[in-house]
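Residues per chain, in single letters:
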Amino acid sequence: MTRADKILICIIMLASIVTLIPIFKNKMDSNYVTVKVSNQEVLSLDLSKDGTWDVKGTLGTVTIEIKDRKVRVVQENSPQHLCSKQGFVSSPNVPIVCLPNETVVQIEGSDEEMDTVIQ
Amino acid sequence: MKKMIYLSFLIALGIVFQIVESFLSLSWIVPGFKIGFANVCSVYALYLWGYKEMCIVSIMRIFLSSLLQGTLFSISFWLSLSGGILSLLAMAILYKLKKFSIYGVSIAGACFHNIGQVFAVCMIYQQFFMQLFLPLLLALSNVSGFCIGYLTLQIINRTKGRIQYGNL
């Protein structure tokens with residue numbers, strides 16, 4: 001074992017620790033909300049920040065609220081108001097779809113749960 | 001002529017090591033983890049002749065063992081080839097620098113083998129889950145590289161009187 005060997009081992013161990021960091025970091029803030037209008041992404045919001053945002057849908061403005069890592073549509077202009085009746089959503093598998101406004105609000109994250117299990 | 005016989009012996013040994021090791025898999029520790037005993041032959045060829053012969057031994061071993069296992073040009077073949085080429089490059093460069101002992105060379109080989117494989121997995125599957133194992137694989141490649149270096153050093157020490165070596 002020469003000194004260069006020991007330096008090499010230290011570098012590899014350091015590299016393995018450094019590559020660990022982004023993995024943990026990703027897990028912390030992996031959840032964010034994407035808002036699409038007519039299949040085009042118009043907004044990307046952090047799920048951990050509370051607040052309300054307005055998006056221009058095809059029939060008028062759609063107001064989206066984020067609170068306690070959940071997201072909902074507060075107000076929109078459509079015949080049946082299905083998406084505002086849906087209420088808060090916290091799962092990445094349940095999108096909020098407002099078809100008259102062509103607006104889709106969806107949580108995206110790495111820790112997706114199982115949708116349904118068919119046996 | 002004599003050299004060719006030695007080379008083919010080393011290739012045959014490497015093939016046997018690789019196939020036998022695929023039976024006794026250590027993948028339950030981390031997916032994709034192996035000690036890589038077949039690398040003993042490559043490192044031995046490196047110290048016996050030089051990096052050109054190491055490339056011949058390693059690449060022929062990868063081709064022939066995947067041919068015998070029936071995985072030629074399948075995904076596992078490309079994984080093994082990409083890791084092999086990257087580790088060959090790393091080992092040849094470190095050997096040329098002449099500052100590293102056999103341990104450093106084999107540890108770098110093991111480490112870059114893992115990096116190449118993870119890179120190939122990401123390219124082929126277009127998914128990035130294998131990156132999660134990269135830190136663990138890097139840490140474990142120290143262990144496996146040390147094992148390989150120790151084994152090769154033992155082989156070299158025991159055959160010292162009979163065969164002429166390059167710079168050790």
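No experiment lies behind these values; they were computed from the predicted model shown. (Residues numbered from 1 in each chain as written. Chains lettered and ligands numbered in written order. Predicted model: local features only at pLDDT ≥ 70, side-chain atom pairs only at ≥ 80, totals over all residues. Heavy atoms only, no water.)

A. Quick peek at the interface of chain A and chain B. Across the boundary between the two partners, chain A contributes 13 residues, which contact 17 residues of chain B. When chain A packs against chain B, close to 1,200 Å² is buried across both sides, 78% of that on carbon and sulfur atoms. At the boundary of chain A with chain B, the tally comes to zero salt bridges. Viewed at the interface, chain B and chain A are joined by three residue pairs in polar contact (both at pLDDT 80 or more). In the side of chain A that touches chain B, the residues fall into nine nonpolar, three polar and one charged. (Contact = heavy atoms within 4.5 Å. Buried area = accessible area lost by both parts, 1.4 Å probe. Salt bridge = Lys/Arg side-chain N within 4 Å of Asp/Glu carboxyl O. Polar contact = N/O pair within 3.5 Å; in protein donor to acceptor, adjacent residues only side chain to side chain. Nonpolar A, V, L, I, M, F, W, Y, C, P; charged D, E, K, R; others polar.)

B. Structural context of the sheet that holds strand β4 (residues 61–67) of chain A. All names here are of chain A. Spatially, β3-β4-β5 is the arrangement adopted by the three strands of the open sheet, whose pairing is antiparallel. Across the chains shown, the open sheet's two edge strands, defined by having one partner strand only, are β3 (51–56) and β5 (70–75). Neighbouring strand axes in the sheet, compared pairwise and without regard to direction, differ in orientation by 30° on average. Pairing geometry for β4 and β5, over five bridges, is antiparallel. Across the sheet, Ile-66 pairs through a bridge with Val-71, a residue of β5. (Pairing = 2+ DSSP bridges. Helix = DSSP H or I, 4+ residues; strand = E, 2+ residues; numbered from the N terminus. Axes fitted to C-alpha atoms, helices over the stretch in contact; angles between N-to-C directions.)

C. Layout of helix α3 (residues 51–69) of chain B. For α3 of chain B, which comprises 19 residues, the first-to-last C-alpha distance of 27 Å matches the rise-based estimate of 27 Å (1.5 Å per residue) to within 8%. Among all positions in α3 of chain B, only Glu-53, Met-54, Val-57, Ser-58, Arg-61, Ile-62, Ser-65 and Ser-66 of chain B are buried. (Expected span 1.5 Å × (residues − 1). Buried < 20%, exposed > 50% of the residue type's maximum accessible area, 1.4 Å probe, protein only.)

D. Quick look at the UniProt feature "transmembrane region" (unreviewed entry) in chain A. Those places that UniProt annotates as "transmembrane region" (unreviewed entry) correspond, in this numbering, to residues 7–24 of chain A. Helix makes up 100% of residues 7–24 of chain A and strand makes up 0%, while its end C-alpha atoms are separated by 26 Å. (UniProt positions renumbered as here; feature names shortened; annotations may be inferred.)

E. The arrangement of the sheet that holds strand β6 (residues 96–98) of chain A in detail. Residue and element names in this part refer to chain A. What the four strands build is an open sheet, ordered β2-β1-β7-β6; its pairing is antiparallel. Taken across any chain shown, the strands that pair with only one partner, and hence form the sheet edges, are β2 (40–46) and β6. Across the sheet, the mean angle from the axis of one strand to that of its neighbour is 15°, orientation sign disregarded. The pairing of strand β1 (residues 32–37) with strand β7 (residues 103–108) spans six bridges and is antiparallel. Within β7, the position partnered with Thr-34 by the bridge is Gln-106.

F. Expanded view of the packing of aromatic side chains. Residue and element names in this part refer to chain B. For the structure on display, the rule yields six aromatic pairs over all chains. With centroids separated by 6.0 Å and ring planes inclined at 40°, the aromatic side chains of Phe-73 and Trp-78 adopt a geometry described as tilted. Ring pairs connect the aromatic residues Phe-63, Phe-73, Phe-77 and Trp-78, which therefore count as one cluster. (Phe/Tyr/Trp six-rings, centres within 6.5 Å; stacked < 30°, edge-to-face > 60°.)

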